[in-house]
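Working through the structure, step by step
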Amino acid sequence: MQQKDNVATALRDFEKGQVVTLAGEQRLHLKNHIGFGHKFALCPIKKGADITKYGEVIGVASTDIAAGEHVHLHNVEGKRGRGDQRV
């Protein structure tokens, strides 16, 4: 995880309502079930804001995303490499 990241990747399955501890200090209540390999928001992310993972922008929020919420296709749009959109 990089300092500017606003999402993290689950290294195992987490249940809705579970509390995760990040970097030994930040406690976060998960708002959804988060499956292994899926992302969750570390902080509130406003619609239109960049989604940053491992220090790289991986998409843009298509809706407001609450801290602890599942971050996936339903609330993120890609910013590059989209074969479904013409430039």
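Coordinates for the structure precede this section.
All residue numbers here refer to positions counted from 1 along the written sequence of the relevant chain. Confidence filtering applies because this is a predicted model: local features only for residues at pLDDT of at least 70, side-chain atom pairs given and counted only at 80 or more, and all residues used for totals across whole chains, interfaces and linings. Hydrogens and water are ignored here; the side-chain numbers use all heavy atoms of the structure.

**A look at the nonpolar core**
Think of a nonpolar core as a cluster: buried Ala, Val, Leu, Ile, Met, Phe, Trp, Tyr and Cys residues, connected wherever their side-chain atoms sit within 4.5 Å. Each residue's exposure class comes from its accessible area (1.4 Å probe, protein chains only) as a fraction of the maximum for that residue type: buried when under 20%, exposed when over 50%, partly exposed otherwise. Grouped together as the largest cluster of nonpolar side chains are 10 residues: Ala8, Ala10, Phe14, Val20, Leu22, Leu28, Leu30, Ile34, Phe40 and Leu42. One finds Val7, Ile51, Ala61 and Ile65 within the second-largest nonpolar core, a separate group that totals eight residues.

**Quick look at the sheet that holds strand β1 (residues 7–9)**
Taken in spatial order, the three strands make up an open sheet running β1-β4-β7, and their pairing is antiparallel. In the strand order of this sheet, the two ends are held by β1 and β7 (70–71), each with one partner. Where strand β4 (residues 39–41) and β7 come together, two bridges link them in antiparallel fashion. Each residue of the ladder has a partner; that of Lys39, found in β7, is Val71. Two strands pair under a simple rule: DSSP has to find at least two bridges between them. Helix and strand assignments follow DSSP, with helices taken as H or I runs no shorter than four residues and strands as E runs no shorter than two, numbered in order from the N terminus.

**What about the packing of aromatic side chains?**
How two aromatic rings sit relative to each other is given by the distance of their centres and the angle of their planes. In this scheme Phe, Tyr and Trp rings, the latter by its six-membered ring, pair at centre separations within 6.5 Å, and the angle between planes marks the pair as stacked below 30 degrees, edge-to-face above 60, and tilted otherwise. Applying the stated criterion across every chain yields a total of one aromatic pair. Taking the centre distance of 6.5 Å and the plane angle of 75° together, the rings of Phe14 and Phe40 count as edge-to-face. Here Phe40 lies in strand β4 and Phe14 lies in the loop between β1 and β2 (19–22), a separation of 26 residues in the sequence. In this pair, the class of Phe14 matches that of Phe40, namely buried.

**Notes on the sheet that holds strand β6 (residues 56–61)**
Taken in spatial order, the three strands of this open sheet run β5-β6-β8, and their pairing is antiparallel. Of all strands in the sheet, those with a lone pairing partner are β5 (50–53) and β8 (76–77), marking the two edges. Here β6 runs beside β8; their pairing, made up of two bridges, is antiparallel. Bridge pairing in β8 links Val60 to Glu77.

**Focus: the layout of surface pockets**
Both site types are read off a 1 Å grid over the protein atoms alone. A 1.4 Å probe that fits but cannot get out defines a cavity, while an open set with protein on both sides within 12 Å along at least five of seven lines defines a pocket; lining residues have an atom within 4 Å of a point. Grid points are joined across faces, edges and corners, and a volume is the space filled by probe spheres set on the points. By volume, the largest pocket is sized at about 230 Å³. Taken together, 14 residues make up the lining of the largest pocket; nearest its centre are Ala8, Thr9, Leu11, Leu22 and Phe40. When residues of the lining of the largest pocket are traced back to their parent elements, those giving at least two are β1 and β2.

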